[in-house]
Amino acid sequence: MTAVLPRLLRALDRFHATHPWDHNAHYHRWILRRLPGRFPGALDVGSGSGDLARLLATRAEAVHGIDADPAIVERARERTAPGAPVTFSVGDALEDVPSGSYDVITCVATIHHLPFGEALTHLRRHLAPGGTLIVVGLYRPRSRSDYLIDAVAIPSNIAMAWIKNKGRKAPRPAAMTAPTRPATMAFADIVRDARLVLPGARPRRRLFWRYTLVWKR
């Protein structure tokens, strides 16, 4: 399986070059279902084109998104309606998060760009008492179960791409124009380090090469 999977993934990459869909946005509604109906403030780390930040603004009094890439932050601002309770800034998630605490902090497909334990510690400091931290992250497959889940995801991934694009070629969504990098941590290492920083944290592997972590302070 480990020898065949890389070839399948390369073929999948070619398919998605003409039938792209946003794997991260797939989890946005999942995130909302784990949050209160209303909350004062939210921080979206690695906010990209702002899709999740704008969705959080349907529940929050104020949302701030931060991303290290100036071009994608500019796109987020362009795509956000004037008067929406959402702001964006360019900055390093470990150094430039606005001071204060947040009732909700989200971090989608971003934490693998950062020193993992340090990033979790930093986000925990900004989380208000009773607040919720939600991470949707990427991991590097290493174990047999990792590769099995990846293999199961392939037909589902193709079906989703076909359905979302109605079988036609399509341009990449704006959210997929931000710089990316591959994950380097194995899931077992993520679980170990997360529990050291966030007592009781229980990361879970998900379809589409993702894991989720929900932690309440």
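Residues numbered from 1 in each chain as written. Predicted model: local features only at pLDDT ≥ 70, side-chain atom pairs only at ≥ 80, totals over all residues. Heavy atoms only, no water.

The chain is annotated in an unreviewed UniProt entry as Class I SAM-dependent methyltransferase of Streptomyces anulatus.

## What to know about the sheet that holds strand β5 (residues 127–137)
Pairing in this open sheet of seven strands is mixed, and the strands run β3-β2-β1-β4-β5-β7-β6 from one edge to the other. Both edges of this open sheet fall to β3 (86–90) and β6 (204–206), since each of them pairs with a single strand only. Geometrically, the sheet is characterised by an average inter-axis angle of 20° between neighbouring strands, direction not taken into account. As paired strands, strand β2 (residues 60–67) and β3 are joined by five bridges and run parallel to one another. If you follow Gly65 over to β3, its bridge partner there is Phe88. The strands touched by helix α4 (residues 70–78) are β2 and β3; relative to β3, the strand with the most contacts, the crossing angle is about 165°. (Pairing = 2+ DSSP bridges. Helix = DSSP H or I, 4+ residues; strand = E, 2+ residues; numbered from the N terminus. Axes fitted to C-alpha atoms, helices over the stretch in contact; angles between N-to-C directions. Contact = heavy atoms within 4.5 Å.)

## Things to note about α4
Buried within α4 we find Ile72, Val73 and Ala76. Each buried residue of α4 sits inside an arc of 105° when the element is viewed along its axis, so together they form one side. Opposite the buried face of α4, at more than 90 degrees from it, the exposed residues are Pro70 and Glu78. (Buried < 20%, exposed > 50% of the residue type's maximum accessible area, 1.4 Å probe, protein only. Arc of directions from axis to C-beta.)

## Looking at the side chain of Thr110
Within the secondary structure layout, Thr110 lies in the loop between β4 (102–108) and α5 (116–126). Within polar-contact distance, the side chain of Thr110 engages the backbone oxygen of Val108 at 2.9 Å. Ignoring sequence-local partners within four residues, the contact set of Thr110 consists of Val45 and Gly46. (Polar contact = N/O pair within 3.5 Å; in protein donor to acceptor, adjacent residues only side chain to side chain.)

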